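Here is how the chains run, residue by residue.
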Amino acid sequence: MADPQQVLSARVRDALGAAFGDGYADADPLIRPSSFADYQSNAALPLAKRLGRPPRDIAAEIIGRLDVSDIAAEPTVSGPGFVNFTLRPGWIAEATTGLLADPRLGTPLAASPRTVIVEYSSPNIAKEMHVGHLRSTIVGDAIARVTEFAGHHVIRDNHVGDWGTQFGMLIEYLFDIGEDAPEAQLLRTDPNAFYQSARVKFDTDAAFADRARERVVKLQAQDDPATQRLWEELMELSRQYLRNTYAALRVTLTDDDIRGESFYNDMLADVVADLEAMGLAVISDGALCVFPPGFTGRDGTQLPVIVRKRDGGYNYSTTDLATIRYRIDKLNADRAIYVVGSDQTLHFRMVFAVARLAGWLPETADFTHAQIGLVLGTDGQRLRTRSGDNVPLSDLLTEGIQRARAILDEVDRDEQDRGLDLDAIAQDIGIGAIKYADLSTARDSTYTFDWDRMISFRGDTGPYLQYATTRIRSIFRRAGIAETDVRGPIAVTEPAERELALKLLGFGAVVTQVVDTTEPHRLCGYLFEVASLFTAFYEQCPVLKADDDETRQSRLALCAAALRVLTAGLGLLGVPIPDRM
Ligand code: ARG
């Protein structure tokens, strides 16, 4: 165990048990980074209340029972009753040398792996993804990667909207123009344009609109082979579009992860019948509804979850109830993380409530909505093109790559960097910038899409972190050593070495935190600190020109450890890293 926070937690826990009895051994040691020392334990404060004694006395008693002499100097009490720890340089050095040799970089493997569904992206098919879906895609992918790395069994689930009234319109339109028409290819490249054309026809041609409505009925009855075939065709073209988009974004979703709304179609009638049989569903205004307790509208009336519309059709909520049942019964989910826009918060709270009422979602299953906030343009309005449309995703990516390329073109390069494939590097930087900007903002807060900020090589940006890794790589190139060949041992003497090493030792704790909270921005914040502390270290501590070989070996090893933490962290976020830039 190399993470100081974990090591200290274990020691304080032992001391609590020894001082106050077994009943206190599982009290939270509350180890936090400290401004008085390296870390502090705040455990004395809540215990003082529980025991009815002054917190400073409790702190002193904890210290009396603490055994940390191998890792830290004698702990001290400060403030209202904090116990302060200053780690021994020798311990930090040894732990950091150990970190460098550890393929998991100090990240614990889940003791009891859980089956975790990560549902993300989930665009409505045959419409171009917009920036809201982009954010869910990027954040969800990071959550999936981090959860997997922590040792859980992750099931990626792309809950695409592939079933619904607009499909009648799209299929009818495809019938009209013919599958082989050049316009049909739009589904592969610019689904929005295809959708718009169909929409125009629907709005202007009454006969077409009637046929489109009949087509929905045929589609949902699933008994007309020609309709089914065209729906399949539509899906295949959409899958190609998604495949290209995910590949461009370096997102891990594949065709196999698509389990769209249509997948649950056969289960909807049972969901509704079971709700009726349990007496949970009642007819209200002609629609079949469940009224979960605790949800009322502004006027105080109970809010319904509609599970069968007045016209007999099932809807979005019915599908989500079937989805919950499937995830619990068939996929054995222990946890499900729905990475979806925050405008659907009420929907999920109500649907989860209904599923709990029906007994389909056991208390032990942790189903949560990981809310995604709005994306705004720099003008504070929803991100739109000049003509007021949603900005197509492909345009965003192209622009990011072009902007990155323009910056690269301005860099002065020395001889050995002249032959670089700048197009490939620009892709990594452009995509990395967009992804990191999304990831580094708390996922539930509104976020402003600002090219100038995200693509900058300075500040908390993707390019800055990418640059930090290329800078470390160049140290190794100049040294003529592969970074994988250094072993240390690492010594910690200078303050900048100490700070960097301590930060590196916290990697595993941050990963665990991201898994628990489903908040990738915590990992971004951590990596930014690592990069900043590395910069300070590199300015203050000569590496290649170190005074003696031992120091040089130690500092090279510290560089290698920082590089490994940065690349592992960016990898978990799904941010691509060019070797040079
Ligand atoms: N397709 C939906 C949309 O674009 C998102 C699906 C969210 N997931 C769910 N299980 N309802 O708004």
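Reference entry: report on the structure contained in this document. Predicted, not measured: the structure shown is a model, and the values here were computed from it.

Here is what the cut-offs are and how they apply
Residues numbered from 1 in each chain as written. Predicted model: local features only at pLDDT ≥ 70, side-chain atom pairs only at ≥ 80, totals over all residues. Heavy atoms only, no water. Helix = DSSP H or I, 4+ residues; strand = E, 2+ residues; numbered from the N terminus. Buried < 20%, exposed > 50% of the residue type's maximum accessible area, 1.4 Å probe, protein only. Axes fitted to C-alpha atoms, helices over the stretch in contact; angles between N-to-C directions. Parallel < 35°, antiparallel > 145°, perpendicular 65-115°, else oblique. Left-handed = near helix turned anticlockwise from the far one by under 90°. Contact = heavy atoms within 4.5 Å. Arc of directions from axis to C-beta. Expected span 1.5 Å × (residues − 1). Phe/Tyr/Trp six-rings, centres within 6.5 Å; stacked < 30°, edge-to-face > 60°. Lys NZ or Arg CZ within 6 Å of the ring centre and 35° of its normal. Pairing = 2+ DSSP bridges. Near = heavy atom within 4 Å. Polar contact = N/O pair within 3.5 Å; in protein donor to acceptor, adjacent residues only side chain to side chain. Areas by Shrake-Rupley, 256 points an atom, 1.4 Å probe, with all protein chains shown as cover. Nonpolar A, V, L, I, M, F, W, Y, C, P; charged D, E, K, R; others polar. Core = buried A, V, L, I, M, F, W, Y, C linked by side-chain atoms within 4.5 Å. Salt bridge = Lys/Arg side-chain N within 4 Å of Asp/Glu carboxyl O. 1 Å grid on protein atoms, 1.4 Å probe; cavity = no way out; pocket = protein on both sides within 12 Å on 5 of 7 lines; lining within 4 Å. Points joined across faces, edges and corners; volume = space filled by probe spheres on them.

Looking now at unusual backbone geometry. Omega for the peptide link from Gly488 to Pro489 comes to 5°, which places this bond in the cis form. In this fold, Pro489 is placed in the loop between helix 17 (462-479) and helix 18 (495-504). With phi around 50°, Leu105 is a residue other than glycine that occupies positive phi space. As for its placement among the helices and strands, Leu105 is situated in the loop between helix 4 (89-101) and strand 5 (115-119). Given a relative accessible area of 3%, Leu105 falls into the buried group. In the Ramachandran plot, Arg250 falls in the positive-phi region, its phi being about 55° despite a non-glycine side chain. Position of Arg250 relative to the elements: it lies in the loop between helix 10 (225-249) and helix 11 (268-277).

Closest axis-to-axis distance for the helix 2 (residues 44-51)/helix 3 (residues 55-65) pair is 8 Å, and the angle between their directions is 115°. One finds that helix 2 runs roughly perpendicular with respect to helix 3. Classified by chirality, the crossing of helix 3 by helix 2 is right-handed. Contact with helix 2, carried on its side by Ala44, Leu45, Leu47, Ala48 and Leu51, involves Pro55, Ile58, Ala59 and Ile62 of helix 3 and no other residues of that element.

Moving on to helix 2. An α-helical turn contains 3.6 residues, so any two residues separated by three or four positions project in the same direction. Buried within helix 2 we find Ala44, Leu47 and Ala48. For helix 2, the arc enclosing every buried residue in end-on projection is 110°, short of the 170-degree limit, so these residues lie on one face. Of the exposed residues in helix 2, the ones pointing more than 90 degrees away from its buried face are Lys49 and Arg50. On the buried face of helix 2, the contacting elements are helix 1 (4-20) and helix 3. Directly after helix 2, the chain includes Gly52, whose backbone phi takes a positive value near 65°.

Taking 1.5 Å of rise per residue, 19 residues should cover 27 Å, and helix 5 (residues 131-149) covers 27 Å from first to last C-alpha, within 8% of that figure. Counting buried residues in helix 5 gives 16 out of 19 residues, a clear majority hidden from the surface. Where helix 5 terminates, the next one or two residues include Gly151, which has phi positive at roughly 100°.

The next point concerns the packing of aromatic side chains. A full pass over the atoms with the stated rule returns 19 aromatic pairs. Clustering of aromatic rings is evident, with ring pairs tying together Tyr338, Phe348, Phe352 and Phe367. Across from the ring centre of Phe149, 4.4 Å away, lies the NZ or CZ of Arg104, which sits over that ring. When the ring centre of Trp360 is taken as reference, the NZ or CZ atom of Arg325 above it lies at 4.4 Å.

Within the open sheet, the three strands sit side by side as 7-8-9. Their pairing is antiparallel. This sheet does not close on itself; its edge strands, each paired only once, are strand 7 (281-284) and strand 9 (305-308). Going from strand to strand, the sheet's axes swing by 45° on average, the running direction of each strand aside. One ladder, built from four bridges, connects strand 7 with strand 8 (residues 287-290); its direction is antiparallel.

Around the ligand, a shell composed of Glu119, Ser122, Asn124, His133, His159, Tyr316, Asp320, Tyr338, Val340, Gln344 and Phe348 is seen. Asn124 is positioned with one of its side-chain polar atoms (N or O) 2.8 Å from a nitrogen atom of the ligand. In isolation the ligand offers 350 Å² of accessible surface; the protein chains occlude 90% of this area. Of all the elements in the fold, those that place two or more residues in the shell around the ligand are helix 12 (316-329) and strand 10 (335-341). Taken together, the residues of the shell around the ligand sort by class into four nonpolar, five polar and two charged.

This next bit is on the nonpolar core. A general trend in soluble globular proteins is that nonpolar side chains are found buried together. Membership of the largest hydrophobic core comes to 143 residues, with the highest contact counts inside it found for Leu523 and Leu573. In terms of residue count, the dominant contributor to this core is helix 21 (residues 549-573) (13 residues). The residues touching Leu573, leaving out its near neighbours within four places in the chain, are Ala142, Lys435, Tyr436, Leu439, Pro520, Leu523, Cys524 and Leu527.

Turning next to the side chain of Asp38. Along the chain, Asp38 turns up in the loop between strand 1 (31-33) and strand 2 (39-41). Residues contacting Asp38, with those up to four places away along its chain left out, are Arg32, Pro33, Phe85, Thr86, Leu87, Arg498 and Leu502.

A word on the pattern of salt bridges. Applying the stated criterion to the full structure yields 33 salt bridges. The closest approach of N and O atoms between Asp176 and Arg211, which form a salt bridge, is 3.0 Å. One end of the pair, Asp176, is in helix 6 (residues 165-177); the other, Arg211, is in helix 9 (residues 206-221), with 35 residues separating them in the sequence. For Arg211, a relative accessible area of 31% gives the class partly exposed.

A word on empty space enclosed by the protein. Where empty space is left can be seen by rolling a probe of water-molecule size over the atoms. Within this structure, the stated rule accounts for one cavity of 30 Å³ or more. Counted as a void, the largest cavity has a volume near 30 Å³. Lining the largest cavity are Pro123, Asn124, Ile125, Ala126, Lys127, Ser238, Tyr241 and Leu242. For the lining of the largest cavity, the residue count by class is five nonpolar, two polar and one charged.

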